[in-house]
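Now for the letters of each chain:
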Amino acid sequence: AQRVTQPEKLLSVFKGAPVELKCNYSYSGSPELFWYVQYSRQRLQLLLRHISRESIKGFTADLNKGETSFHLKKPFAQEEDSAMYYCALQGAQKLVFGQGTRLTINP
Amino acid sequence: DTEVTQTPKHLVMGMTNKKSLKCEQHMGHRAMYWYKQKAKKPPELMFVYSYEKLSINESVPSRFSPECPNSSLLNLHLHALQPEDSALYLCASSSPTSRTEAFFGQGTRLTVV
């Protein structure tokens with residue numbers, strides 16, 4: 001079975017502060033992990049994937065197989081980062097989402 | 001074209017009605033998905049089509065009937081729905097051979113009265 005856990009439903013930080021959104025996963029195979037973001041009134045869209053090891057909009061995420069984690073980080077939060085963030089795991093054929101974290105950046 | 005298009009955007013239907021949701025993509029993706037998303041909840045997988053064949057049905061009630069008439073289209077036929085079926089229905093597509101990102105449509109906001 002594949003499972004994704006995001007322990008924080010809500011996260012609120014001030015502009016310019018560091019942000020970390022936590023994600024842990026459970027999967028017996030080789031996981032493909034993603035962070036998706038949903039801005040207000042916009043469609044769900046990919047933010048980044050672990051395999052590309054890139055930084056998008058200042059966000060990075062490192063896959064830690066030992067801790068089965070894929071936390072999302074940004075050193076300096078911006079107001080436009082306010083959105084719903086979902087960690088997702090692509091298994092054999094299924095893309096399964098965590099419960100999501102609503103990130104609010106306060107001015 | 002990197003879009004998944006869903007129609008209609010909004011739908012209100014009675015419990016005895018029959019309606020269909022439509023999804024279209026022209027990215028050459030051969031995997032297509034239906035998800036259901038309730039308010040303040042993550043998307044929940046309903047069905048997966050791979051190369052136009054149903055490969056996963058997540059124990060969805062038979063009042064939801066998916067159809068994939070060709071590689072670009074995905075339908076979800078609705079019949080005798082319940083008020084608790086009211087939700088945002090999302091369609092997505094991806095390449096089934098390389099586990100790349102899924103592209104999502106804007107969704108159909110369904111209200112069952």
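Here, the structure is the one placed above.
Residues numbered from 1 in each chain as written. Chains lettered and ligands numbered in written order. Predicted model: local features only at pLDDT ≥ 70, side-chain atom pairs only at ≥ 80, totals over all residues. Heavy atoms only, no water.

Looking at this structure, how should I read the state of the cysteines?
What makes a disulfide is a covalent bond joining the sulfur atoms belonging to two cysteines. The full count for this structure, using the stated rule, is two disulfides over all chains. Put simply, Cys23(A) and Cys87(A) are joined by a disulfide, and their sulfur atoms are 2.0 Å apart. Where Cys23(A) bonds to Cys87(A) through sulfur, the torsion about that S-S bond is close to -65°, and the disulfide is left-handed. Here the residue Cys23(A) occupies a position in the loop between β3 (19-21) and β4 (24-26), and Cys87(A) occupies one in strand β9 (residues 83-90), the gap between them amounting to 64 residues. Sulfur-sulfur distance for the disulfide between Cys23(B) and Cys91(B) comes to 1.9 Å. The disulfide joining Cys23(B) to Cys91(B) has a torsion of about -70° about its S-S bond and is therefore left-handed. Remark: Cys91(B) occurs in strand β9 (residues 87-94) and Cys23(B) occurs in strand β3 (residues 18-25); sequence separation between them is 68 residues. Take Cys23(B): its relative accessible area is 1%, and that puts it in the buried class. Free of any disulfide, Cys68(B) has its nearest cysteine sulfur in Cys91(B), 9.1 Å distant. On the basis of relative accessibility, which here comes to 12%, the residue Cys68(B) falls in the buried class. (Disulfide = S-S within 2.5 Å. Helix = DSSP H or I, 4+ residues; strand = E, 2+ residues; numbered from the N terminus. Buried < 20%, exposed > 50% of the residue type's maximum accessible area, 1.4 Å probe, protein only.)

What exactly am I supposed to notice about the side chain of Gln6(B) here?
Residues and elements named next belong to chain B. Residue placement: Gln6 occurs in strand β1 (residues 4-7). Classification of Gln6 by relative accessible area gives buried; the value is 5%. Among the polar contacts listed, one links the side chain of Gln6 to the backbone oxygen of Tyr89, at a separation of 2.9 Å. Here the side chain of Gln6 touches Cys91 through a polar contact of 2.9 Å, landing on its backbone nitrogen. Contact partners of Gln6, with chain neighbours within four places excluded, come to Lys22, Cys23, Trp34, Tyr89, Leu90, Cys91, Gly105, Gln106, Gly107 and Thr108. (Polar contact = N/O pair within 3.5 Å; in protein donor to acceptor, adjacent residues only side chain to side chain. Contact = heavy atoms within 4.5 Å.)

Looking at this structure, I do not really get unusual backbone geometry. What am I missing?
Across residues other than glycine, the phi torsion is negative in most instances, and most of the peptide bonds are trans. Residues and elements named next belong to chain B. For the peptide bond that leads from Thr7 to Pro8, omega is -10°, which places it in the cis range. Mapping Pro8 onto the fold places it in the loop between β1 and β2 (10-13). Even without being a glycine, Ala80 presents a positive backbone phi close to 60°. Tracing the backbone shows Ala80 in the loop between β8 (73-79) and β9. Take Ala80: its relative accessible area is 31%, and that puts it in the partly exposed class.

Please explain the nonpolar core as it appears in this structure.
The nonpolar side chains of a soluble globular protein tend to be buried with one another. Counting residues in each nonpolar core, the largest one holds 24 residues, and the members touching the most others are Trp35(A), Leu72(A) and Tyr85(A). Elements with a minimum of two residues in this core: β2 (10-14), β3, β5 (32-38), β6 (45-49), β8 (69-74), β9 and β11 (101-106) of chain A. When neighbours within four sequence positions are excluded, Tyr85(A) is seen to be in contact with Gln6(A), Leu21(A), Trp35(A), Tyr36(A), Val37(A), Leu47(A), Phe59(A), Leu72(A), Gly100(A), Thr101(A) and Leu103(A). Within the second largest apolar cluster, 23 residues are counted, among which are Cys23(B), Met27(B), Leu78(B) and Leu110(B). (Core = buried A, V, L, I, M, F, W, Y, C linked by side-chain atoms within 4.5 Å.)

Is there a simple way to think about the interface of chain B and chain A in this case?
How big an interface is tends to be reported as the loss of accessible area on association of its parts. On the side of chain A, 21 residues touch chain B, which itself brings 21 residues to the contact. Between chain B and chain A the total buried area reaches about 1,900 Å² when both faces are included, carbon and sulfur atoms providing 47% of it. For the interface between chain B and chain A, the tally reads three salt bridges. Between Glu58(B) and Lys94(A) there is a salt bridge whose closest N-O contact spans 3.2 Å. (Buried area = accessible area lost by both parts, 1.4 Å probe. Salt bridge = Lys/Arg side-chain N within 4 Å of Asp/Glu carboxyl O.)

Would you mind showing me how to read the sheet that holds β8(B) here?
Sheet strands pair via backbone hydrogen bonds, and the direction of the pair is either parallel or antiparallel. All names here are of chain B. Read across the sheet, four strands follow the order β1-β3-β8-β7 without closing on themselves; strand pairing throughout is antiparallel. Unpaired on one side and paired on the other, β1 and β7 (64-70) mark the two borders of the sheet. Adjacent strand axes in the sheet meet at a mean angle of 20°, parallel and antiparallel pairs treated alike. (Pairing = 2+ DSSP bridges. Axes fitted to C-alpha atoms, helices over the stretch in contact; angles between N-to-C directions.)

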